[in-house]
Amino acid sequence: MKRTMIVAGVLVLGAGAVMAQQEIAVQQDNLMRAIAKNQYGVLQKMSKGDIPFDKKAADQAIAAIEADVAKIAKTFEINPKQDVVDATYGSSPKIWQNKADFDSKIPPVQKAIADVKGKITNVASLKAAYTAINDRCNDCHETYRVKLK
């Protein structure tokens, strides 16, 4: 009876640890999705003419990206050691093998955002802003994001 209780307890603890790891991975994925929603769903679509130019929407997207980028280092402190179930992209283990380099990729994104914030007045300035921010994002994605599917 004691063995059964011990085994059951270990299984519950193990399942709890797996669920906690998945929760961390989901938080990381949600943060990246929020950034992508504004970067690609607003700025890129507007810059390509897929949706009409809207200065207010562009400024709101930039502000949201700025706020979310500031959360990256903290959100990626812990390696969940697993990917989100059915996710298209995941985090490379390289993030936690070289966390200082990963974290060093954040300030250039913040600088690119600061450089364009409040300066988007038309589609041409939006395209330049989108490219500047996206290029800095890709500096990190090339090393620290993996395609899962």
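Residues numbered from 1 in each chain as written. Predicted model: local features only at pLDDT ≥ 70, side-chain atom pairs only at ≥ 80, totals over all residues. Heavy atoms only, no water.

J.: Outline the nonpolar core, listing residues and values.
T.: As a rule of thumb, soluble globular proteins bury nonpolar side chains together. Within the largest apolar cluster, 28 residues are counted, with the highest numbers of intra-cluster contacts made by Leu43, Ile62, Val69, Ile72, Phe102, Ile113 and Ile133. The set of elements that each furnish at least two residues to this core consists of helix H1 (2-48), helix H2 (55-69), helix H4 (94-97), helix H6 (106-116) and helix H7 (123-144). Counting residues per element, this core draws most heavily on H7, at 7 residues. If near-sequence neighbours (up to four positions away) are discounted, Ile62 is found in contact with Leu43, Ile113, Val116, Lys117, Ile120 and Ile133. (Core = buried A, V, L, I, M, F, W, Y, C linked by side-chain atoms within 4.5 Å. Buried < 20%, exposed > 50% of the residue type's maximum accessible area, 1.4 Å probe, protein only. Helix = DSSP H or I, 4+ residues; strand = E, 2+ residues; numbered from the N terminus. Contact = heavy atoms within 4.5 Å.)

J.: Can you tell me about the layout of surface pockets, naming the residues and giving the values?
T.: Roughly 730 Å³ of volume is contained in the largest pocket. Met32, Phe76, Tyr89, His141 and Arg145 are, among the 37 residues lining the largest pocket, the residues nearest its centre. For the lining of the largest pocket, the secondary structure elements donating two or more residues are H1, strand E1 (89-91), H4, H6 and H7. Here the element with the most residues in the lining of the largest pocket is H1; it accounts for 9 residues. (1 Å grid on protein atoms, 1.4 Å probe; cavity = no way out; pocket = protein on both sides within 12 Å on 5 of 7 lines; lining within 4 Å. Points joined across faces, edges and corners; volume = space filled by probe spheres on them.)

J.: Mind laying out the pattern of salt bridges, listing which residues take part and the relevant values?
T.: Summed over all chains, the structure comprises 8 salt bridges. With a closest N to O distance of 3.4 Å, Asp68 and Lys71 form a salt bridge. According to the relative accessible area criterion, Asp68 is buried, its value standing at 11%. Since its relative accessible area comes to 43%, Lys71 is described here as partly exposed. (Salt bridge = Lys/Arg side-chain N within 4 Å of Asp/Glu carboxyl O.)

J.: How would you sum up the packing of aromatic side chains? Please name residues and give values.
T.: In this structure the tally under the stated criterion is 4 aromatic pairs. Ring centres 5.5 Å apart and planes at 50° place the aromatic pair Phe76 and Phe102 in the tilted group. Placement of Phe76 in the loop between helix H3 (72-75) and E1 and of Phe102 in helix H5 (residues 99-104) is noted, with a sequence separation of 26 residues between them. Positioned over the ring face of Tyr89 is Arg145, at 4.0 Å from the centre of the ring. (Phe/Tyr/Trp six-rings, centres within 6.5 Å; stacked < 30°, edge-to-face > 60°. Lys NZ or Arg CZ within 6 Å of the ring centre and 35° of its normal.)

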